[in-house]
Amino acid sequence: MLTFVARRLLLAVPVLLGVVFVVMLTVELIPGDAVALMLGEHATPEAVARLRDYLGLDKPLMVRYAAYVGHLARGDLGRSIQQNRPVVDELADAWPATLELTVAALALAAAAGVAAGVVSAVWPNSLFDAFARVGSLFGLSMPVFWTGLVLIVIFALWLPWLPVGGTGSLGHLVLPAVTLALPSVAMVARMTRSSVLDVLREDYVRTARAKGVAERLVVSKHALRNAAIPILTLLGLQAGQLMGGAVLTETVFAWPGLGRLMVKAIFARDYVLLQGAVLLFALAFVLINLAVDVAYGALDPRIARQG
Amino acid sequence: MAVDVRVLAGPAAVVAPASLSADAWQRFRRSRLAMIGLVVVALLVVAAAGAPWLAPADPAKQSLIEKRARPGGKFILGADEFGRDILSRLIFGSRVALLVGGLSVTIALAVALTLGCLAGFAGGVVDVVVMRIVEILLAFPYLLLAIAVVSALGPGVLNTTIAVGIWGAPTATRLVRSAVLTARESEYARAARALGASAARVLTRHVLRNVLPTVIVYSTLFMANAILVEAALSFLGLGAQPPTPSWGLMVSSGRDFLLVAPHIATVPGLAIMVAVLGFNLLGDGLRDALDPRLRGQL
Amino acid sequence: MTRARFALAALIALGVAGAACLVAPAPADAQKPGGTLTIVRPTDPVSLDPQLETTAPGAWVYFNMLEPLLTMDEKMQIRPALAASYEVMSPTKVRFKLRPGVKFHDGTPLNAAAVKFTFERALRGNPPARWASLAGPLAGAEVVDDLTVDVMTREPYGPILRTLAMYCTGIVSPTAVQKMGENFSRAPVGTGPFRFVEWKTNTHVILERNPDYWGDRAPLDRVIFKVVPEEGARMIALQTGDADMVLLPAPAQLPMLKRDPKYVVHEVVGGRVVFAGMNAAVPPLDDVRVRTALLYAVDRKAILENILEGSAVAARGVLAPSVFGFKDMQLDRLYPFDRAKAKALLAQAGYTPGPDGMLQKGGQKLSLSWLAARGRYPKDGEITEAIQAMFKDVGVEAKVQFLEWATVFTQFRSAAFKDHMFTLGWVTSNADADYSMYALFHSKQVPPTGWNTSRYANPKVDVLVEQARRNLNQTEREKQYGEAQDILAREMVWIPVYNTKEIVVTRAGVKGFTIHPVEYNLWLGKVWLDK
């Protein structure tokens, strides 16, 4: 187990370096120059050229990549081109907010989704099942700004229970977390339902029932255990998507997270800031994937034997 | 523990293919929800194919003076901010919805099945490399991906859909791989191998069958996501070019008017929901129908 | 005078006096000092230092902390600010006498050395200031004595005074810059009525009253600038009381807010013109008849009423009315909305309807390519779509490509730009016609050198604009720009659509706020709260 984890962490390094390179290459290839954009319509070409030179942006790609990696090894993520601030500071400002929101949304999605999915699977095609399926699909299909604004109107305007946006208290977290979690609840519920249904139809479950094992035990001990793997995979992936896909939620609720930061960086072609943010995400993905794979091993020893 | 119980079961469910499809169709037909799904999807296809004849008005015809007209009267479902008929745009928009939903899922699945099976089945170094590539792709910001695809191929629904498909591939790959891993080591597979079946046979017969439910459920859910991602990209200018109606773009443009004319964003949003629901029910129905463990459980 | 006439006169006098009392403004409500003003706007600044930031998010904040030598009041007249008086010494030198006794927020005195330091830093710093590009041939400043400073330009520069009244030329404290280094950009030190307290990135910036301000002390204790990106959420914040003032409010809600006594909608015609540009270098737009026909084809009024809904006014030319040198081009008279005329002109140019109703010439469809971005300027995407439909109504096909701003901007800046149409907005940063007329319409200012994206070239206009630029006689300059705009009006390369309105919505309890035509000049020094 320990070697497994250690190996995967080691493997994370090429992944991170790879991501940085791909991002840098992509930004290089697409039209748009960070400095020209930053200085805008009112800058002279000389001003643009001077600033590019000053920032070292006129050097060839591989030189900049090598320099970046070199700095990275020393923990220096560079300076944001447009913000003129160390990337580390920019990220430090934003990632706690993102972490808070992602964890809250994931917890909600997992709890609500799994619960709804299990109930749906145990009583398939019932009224609850139909209601849950349609309801969760609604949450999945309506875009974030729709659900977000509707929730704000209901809970901040009509019923002044919660604040309109921003951070601060637990109250500030409720609406954005719910809004962000809704599509995930749908996915998790459906996947859980499908997975648990699958397992409940397995022969060994029939056998357990035939043996006289209590239904509750059948569901919790046998069914969930085996259904857990795809659910867990999905949760792991959802965690990643919640992190990166929170842009719209962050915009609607004025939540100062990494999502907005990344989008701003992309539009401004501020690849230094972008790489920093992407590195953070990549690291998170690697760790989440690792955690999920370790969980696989715990849940299904046959997989663990594969390593 | 799950393992002991399974040992008792034995290789009871190796399937003979011959009567599968007839059986499946029977089961499918019996599920009311599945039939509803089928009807919805069929309606969608009809709308897309017959749009020029079904739409009451030209979806691009503007009438600024009638902007944001409420549903009812001349505009059955209301008018958008340019005074264009929402119903007509909805009907024509089904083309984009089908394209975005269908093509992006196809691309994502094609990649996912290939890479996922490869990684799950081959294991070892192959698995490690493929999964690392997946991790790189997962960390890559999808907005940047979309911009890159559009820069290379030009804007428009088709190219944005390709970007969405590529975006969905890593997640699907991981799901497929996990399903393959589970199935590969199941008792059925081992039994089949013990009985002398070749690896290929095991793969096609058993593993894929195990992967299918996961894949079907995920695809139908991914479709909604795909349409919404296309919506966000369109809103930034990377997707459907005017005056092509796309449900996603209609929802996005309706954002500014949510508090004064909510129908502009809500109606296409509901259309998305209905379409996704249809695909979902269809998908569930298919999955249940194709699951041989339900045979004899009519 | 007879007694009757006297009585009548007295009565009239009394009446007039009485009326005057009714009409004359009541004595101002007693200003109540104190309180915190919460402002919501969409984006966080990049920096609070004009060295690095010239866009609105930063300007709104630092305008209250850093003051220039001169300022422009709401009527766009130049007024003294940190400079109490000035004297034009030569076509390239202006002498300013600074106000005595003014202190920076860190206690150091304002003097000529500080002015020189500010300009040196901006023009020759490494890298130079963002605003240096806006300052034309500004060369620097020389200290004459402690309170007298000379500002020089490399060549005669007519707009010099307005340039020095720009929001971004605020004087900074040399001591603070040297002490704080890079951190200065996040916590600037100036002479303004407010001073910096804190900046939480992407969340808020807080300012507090400067008790040692040289002018009238600001009534407010504190100002909080909050970031709320979503327009709908900003409006809701106003309604719940979370915000006192909204910048960039939702246009669709303005009519309702104007009717509601709980809120006040402040608006004034602003400085930005948004237009559909035509590339006169690419046929068939090189034919002035085709361009004119396209102008006839657009119902600008319908766009203003239905898409902008009162959040903007009709553009009356290529410049905004608040710009010095503005001339009303009488677009409604020269180019009224007239589809028949448009079609007739196009027919004159050789375009006849083809089998599908769309115009064509010699078998070739009249098809224009159009490049635009969404969301860069208010309703830019919607305007593009609307005009696309209006072109179709006269048989002209326009293929619109929406791309994101970075890509679009790159193409606009490129010398190889080949699209027929483009959507763009332009603000005259120093409110002087030279800034726009030169960069946008001089034949040598084609991108990437300048911003003549339309590739307009008229030697007469070139000469007029060059002369006006070097002329320090403002009356003559005005005439020259008037002539240039007259010429331009007859061979338009733009379809000007709207002129922005600066609109700010406040709760009724927010008093003392006057909106300024220049969007960056958000002056909070006289604002007070009436709870």
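Residues numbered from 1 in each chain as written. Chains lettered and ligands numbered in written order. Predicted model: local features only at pLDDT ≥ 70, side-chain atom pairs only at ≥ 80, totals over all residues.

When its secondary structure is counted, chain C shows 16 helices and 22 strands. Its C-alpha atoms give chain C a radius of gyration of 26 Å, near enough to 24 Å, the size a compact globule of 531 residues would have. Considering only C-alpha atoms, chain C reaches an extent of 75 × 75 × 60 Å along its principal axes. Burial analysis of chain C (531 residues in total) assigns 53% to the buried set. (Helix = DSSP H or I, 4+ residues; strand = E, 2+ residues; numbered from the N terminus. Rg over C-alpha atoms; globule rule 2.2 N^0.38 Å. Buried ≥ 20, exposed ≤ 12 C-beta atoms within 10 Å, placed from the backbone.)

When helices and strands are tallied, chain A shows 14 helices and 0 strands. The linear arrangement of helices and strands in chain A, starting from the amino end, is α-α-α-α-α-α-α-α-α-α-α-α-α-α. Over its C-alpha atoms, taken along the principal directions, chain A stretches across nearly 80 × 55 × 30 Å. Out of the 307 residues belonging to chain A, those deemed buried represent 54%.

The interface of chain C with chain A comprises 37 residues on the first partner and 37 residues on the second. Within the residue set of the side of chain C that touches chain A, elements represented by two or more residues are β10 (222-227), α6 (231-240) and α13 (405-413) of chain C. Among the residues making up the side of chain C that touches chain A, the classes are represented as 17 nonpolar, 14 polar and 6 charged. (Contact = placed C-beta atoms within 7 Å. Nonpolar A, V, L, I, M, F, W, Y, C, P; charged D, E, K, R; others polar.)

This part is about the sheet that holds strand β4 (residues 83-90) of chain C. Strands in a sheet are paired, the pairing made by backbone hydrogen bonds, and the direction either parallel or antiparallel. All names here are of chain C. Read across the open sheet, the 4 strands follow the order β4-β5-β7-β6; overall the sheet is antiparallel. The open sheet terminates on both sides in strands that have one partner only, identified here as β4 and β6 (138-145). The average undirected angle you get between the axes of adjacent strands in this sheet is 25°. As judged from the 6 bridges shared by β4 and strand β5 (residues 93-98), these two strands associate in the antiparallel manner. Paired with S85 across the strands is K97, a residue of β5. Across the sheet, helix α3 (residues 112-124) lies against β5, β6 and β7 (148-153), angled at about 160° from β6, the strand it touches most. (Pairing = 2+ DSSP bridges. Axes fitted to C-alpha atoms, helices over the stretch in contact; angles between N-to-C directions.)

Attention now moves to the sheet that holds strand β14 (residues 352-353) of chain C. Residues and elements named next belong to chain C. An order of β14-β15-β16 is seen for the 3 strands of this open sheet, with the pairing classed as antiparallel. Looking along the sheet, the strands with just one partner apiece sit at the ends: β14 and β16 (364-365). Where strand β15 (residues 359-361) and β16 come together, 2 bridges link them in antiparallel fashion. In the sheet register, K361 faces β16, and the bridge partner there is Q364.

Helix length check: helix α7 (residues 144-158) of chain A, at 15 residues, gives a terminal C-alpha distance of 20 Å against a target of 21 Å (1.5 Å per residue), a fit within 8%. Three or more residues of α7(A) are buried, namely A:V144, A:F145, A:W146, A:T147, A:G148, A:L149, A:I152 and A:A156. (Expected span 1.5 Å × (residues − 1).)

Counting 371 residues, the largest nonpolar core has A:V19, A:V23, A:V188, A:L274, A:A277, A:A282 and B:I227 as the members making the most contacts within it. Counting residues per element, this core draws most heavily on helix α10 (residues 199-236) of chain B, at 18 residues. Excluding its chain neighbours within four sequence positions, the residues that come into contact with A:V188 are A:A109, A:A110, A:G113, A:V114, A:G117, A:I231, A:L234, A:L235 and A:Q238. (Core = buried A, V, L, I, M, F, W, Y, C linked by C-beta atoms within 7 Å.)

With that out of the way, let us pick up the interface of chain A and chain B. The interface of chain A with chain B comprises 57 residues on the first partner and 50 residues on the second. The greatest single-element share of the side of chain A that touches chain B, amounting to 10 residues, is contributed by helix α10 (residues 215-244) of chain A. Each residue belonging to the side of chain A that touches chain B can be placed in one class, and the counts come to 37 nonpolar, 13 polar and 7 charged.

All right, on to the packing of α7(A) against α6(C) then. Two numbers describe how α7(A) lies on α6(C): the axes approach to 11 Å, and their chain directions differ by 5°. Compared by their axis directions, α7(A) and α6(C) come out roughly parallel. Contacts between α7(A) and α6(C) pair A:L149, A:I152, A:V153, A:A156 and A:L157 from the former with C:G232, C:A233, C:I236, C:Q239 and C:T240 from the latter. Looking at the contact of α7(A) with α6(C), its residues break down into 7 nonpolar, 3 polar and no charged. (Parallel < 35°, antiparallel > 145°, perpendicular 65-115°, else oblique.)

It is worth spelling out the environment of B:R70 at this point. All names here are of chain B. Topologically, R70 is positioned in the loop between α4 (51-54) and α5 (86-122). As a C-alpha pair, R70 and L270 span 200 residues in sequence and 16 Å in three-dimensional space. Excluding residues that lie within four positions of it along the chain, R70 makes contacts with G78 and H263.

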